[in-house]
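Take a look at the letters that make up each chain.
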Amino acid sequence: MPDMSANLAQAVLLAKELDEDKVTPGVLGFLVFAALAVGVWFLMKSMNRHMGRVSFEEAPEEKAQDETAPKGTAGAGTARQGEAPKA
């Protein structure tokens, strides 16, 4: 039995040595990580709310061009697809 107690004593000393040299994040590291996780969760929640408000419907391209050009000048200097250019 003396061998077992000697081994136990060596194990305790070895564990004590390792604990002193071991670097762990501890409670502060956990709190920082938890704060970052909560911040990311709030950002994701806000992003989803803003993305829900966005309308992705686009106006047809021809309609958008006709509305921006003044009346009487739509297509005056350009040939439309399938038409010959005006001379």
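Criteria and cut-off values
Residues numbered from 1 in each chain as written. Predicted model: local features only at pLDDT ≥ 70, side-chain atom pairs only at ≥ 80, totals over all residues. Heavy atoms only, no water. Helix = DSSP H or I, 4+ residues; strand = E, 2+ residues; numbered from the N terminus. Buried < 20%, exposed > 50% of the residue type's maximum accessible area, 1.4 Å probe, protein only. Areas by Shrake-Rupley, 256 points an atom, 1.4 Å probe, with all protein chains shown as cover. Patch = residues over 30% accessible without salt bridge, like charges linked within 9 Å, V, L, I, M, F, W, Y side chains within 5 Å. Salt bridge = Lys/Arg side-chain N within 4 Å of Asp/Glu carboxyl O.

**Overview of the overall build of the protein chain**
The helix and strand inventory of the protein chain stands at three helices and zero strands. Secondary structure elements of the protein chain occur, N-terminal to C-terminal, as α-α-α. The burial tally for the protein chain puts 0% of its 87 residues in the buried class. Carbon and sulfur atoms make up 63% of the accessible area of the protein chain, which amounts to about 8800 Å² in all.

**Points about a nonpolar patch on the surface**
A surface patch of nonpolar side chains, about 590 Å² in accessible area, is lined by V40, M44, M47, M51, V54 and F56. Locating V40 in the fold gives a position in helix 2 (residues 26-53).

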